Amino acid sequence: QVQLVESGGGLVQPGGSLRLSCAASGGRISIYDMGWYRQAPGNQRELVATFTDGLRTNYADSVKGRFTISGDNAKSTVYLQMNSLKPEDTAVYYCALRTFQFYWGQGTQVTVSS
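Below: a short report on this structure. Note that the coordinates shown come from a computational prediction; the quantities given were computed from them, not determined experimentally. (Residues numbered from 1 in each chain as written. Predicted model: local features only at pLDDT ≥ 70, side-chain atom pairs only at ≥ 80, totals over all residues. Heavy atoms only, no water.)

On the secondary structure map, Arg38 appears in strand E4 (residues 34-39). On the basis of relative accessible area, Arg38 is assigned to the buried category, the value being 5%. Here the side chain of Arg38 touches Glu46 through a polar contact of 2.8 Å, side chain to side chain. There is a polar contact of 2.8 Å between the side chain of Arg38 and the side chain of Tyr93. With residues near it in sequence (within four places) discarded, Arg38 still touches Gln44, Arg45, Glu46, Val48, Ser62, Val63, Phe67, Glu88, Asp89, Ala91, Val92 and Tyr93. (Helix = DSSP H or I, 4+ residues; strand = E, 2+ residues; numbered from the N terminus. Buried < 20%, exposed > 50% of the residue type's maximum accessible area, 1.4 Å probe, protein only. Polar contact = N/O pair within 3.5 Å; in protein donor to acceptor, adjacent residues only side chain to side chain. Contact = heavy atoms within 4.5 Å.)

On to the environment of Arg28, then. Tracing the chain through its elements places Arg28 in the loop between strand E3 (18-25) and E4. Classification of Arg28 by relative accessible area gives exposed; the value is 87%. Put simply, Arg28 and Ser76 are 48 residues apart on the chain and 9.2 Å apart in space, counted from C-alpha to C-alpha.

Given below as structure tokens:
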């Protein structure tokens, strides 16, 4: 069974940085089928960053230029480097594996506050 485990969330000050990790297990997994989503209080879950079919990256406009998705296929692990964090980045961040169905991690809380 596929399992996704996020880590690296926490409390950071505005302008700070944080790196999230998502370790996948339980199947033949390509990190290029994986991506990051987030959900803030009172908001719908939204796409943050994914790989495209061409192994390019896709980012939400709100994070473009500040966040970077990367991964290590040998470790079945995807990362999200978040720089220049803003209070509006505060959310629960979820890792997802997108194959014939979606698999979700448990989420990790990111709080940006002074």
